[in-house]
Amino acid sequence: MIVQDPVCGRHLTIDQVFASADHEGWECFFCSAVCAGRFRKQPALFAQAARQTNRKQDA
Ligand SMILES: [Zn+2]
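The name that an unreviewed UniProt entry assigns to the protein chain is YHS domain-containing protein, with the source organism given as Roseitalea porphyridii.

1. Overview of the overall build of the protein chain
Along the protein chain, the regular secondary structure elements total two helices and four strands. Going from N to C terminus, the protein chain has its helices and strands arranged as β-β-β-β-α-α. A buried classification covers 24% of the 59 residues belonging to the protein chain. By sequence separation, contacts in the protein chain at least 24 residues apart represent 37% of the contacts at least 6 residues apart.

2. Here we look at helix α1 (residues 33–41)
In an α-helix, one full turn covers 3.6 residues, which means residues spaced three or four apart are oriented alike. Within α1, burial applies to C35, A36 and F39. All buried residues of α1 project into a common sector of 100 degrees when viewed along the axis, lining one side. Seen from the buried face of α1, the exposed residues on the opposite side, beyond 90 degrees, are A33, V34, G37 and K41.

3. Quick look at the pairing of strand β4 (residues 26–30)
As paired elements, strand β3 (residues 19–23) and β4 share five bridges and run antiparallel to each other. In the strand pairing of β4, H23 is matched with W26. Connecting β3 to the next strand, β4, in antiparallel fashion are two residues, including E24 with a positive phi near 50 degrees.

4. Observations concerning the nonpolar core
Of all hydrophobic cores here, the largest spans 10 residues; its members are V3, V7, C28, F29, F30, C31, C35, A36, F39 and F46. Contributing elements (two or more residues each) for this core: β4 and α1. Excluding residues that lie within four positions of it along the chain, F30 makes contacts with D5, V7, V17, F18, A19, S20, C35, A36 and F39.

5. Remarks on the confidence of the model for the protein chain
For the protein chain, the average pLDDT comes to 86, and 81% of its residues sit at 70 or higher. Considering each helix and strand of the protein chain separately, the mean pLDDT is smallest for helix α2 (residues 43–58), with a value of 69, and largest for strand β2 (residues 11–13), with 97.

6. Describing unusual backbone geometry
Its identity as a non-glycine residue notwithstanding, E24 has a phi of 50 degrees, on the positive side. Residue E24 is classed as exposed on the basis of its 9 C-beta neighbours within 10 Å.

Criteria and thresholds
- Residues numbered from 1 in each chain as written.
- Predicted model: local features only at pLDDT ≥ 70, side-chain atom pairs only at ≥ 80, totals over all residues.
- Helix = DSSP H or I, 4+ residues; strand = E, 2+ residues; numbered from the N terminus.
- Buried ≥ 20, exposed ≤ 12 C-beta atoms within 10 Å, placed from the backbone.
- Contact = placed C-beta atoms within 7 Å.
- Arc of directions from axis to C-beta.
- Pairing = 2+ DSSP bridges.
- Core = buried A, V, L, I, M, F, W, Y, C linked by C-beta atoms within 7 Å.
- pLDDT = per-residue confidence, 0-100.

Written out as structure tokens, the structure is:
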């Protein structure tokens with residue numbers, strides 16, 4: 001399974017995921033504490049990207 005970090009755009013395998021967060025029912029994955037922190041401060045800024053990228057993974 002490959003996921004995309006919505007903050008920096010990196011593609012991550014599950015063992016590269018540093019942190020994850022749930023935002024309005026979407027699971028978001030981050031490569032580092034920096035990206036996770038940026039997301040938590042401004043989730044709305046990244047939520048749309050997370051929806052689009054993770055929807056493709058699910059399809
Ligand atoms: Zn990142």
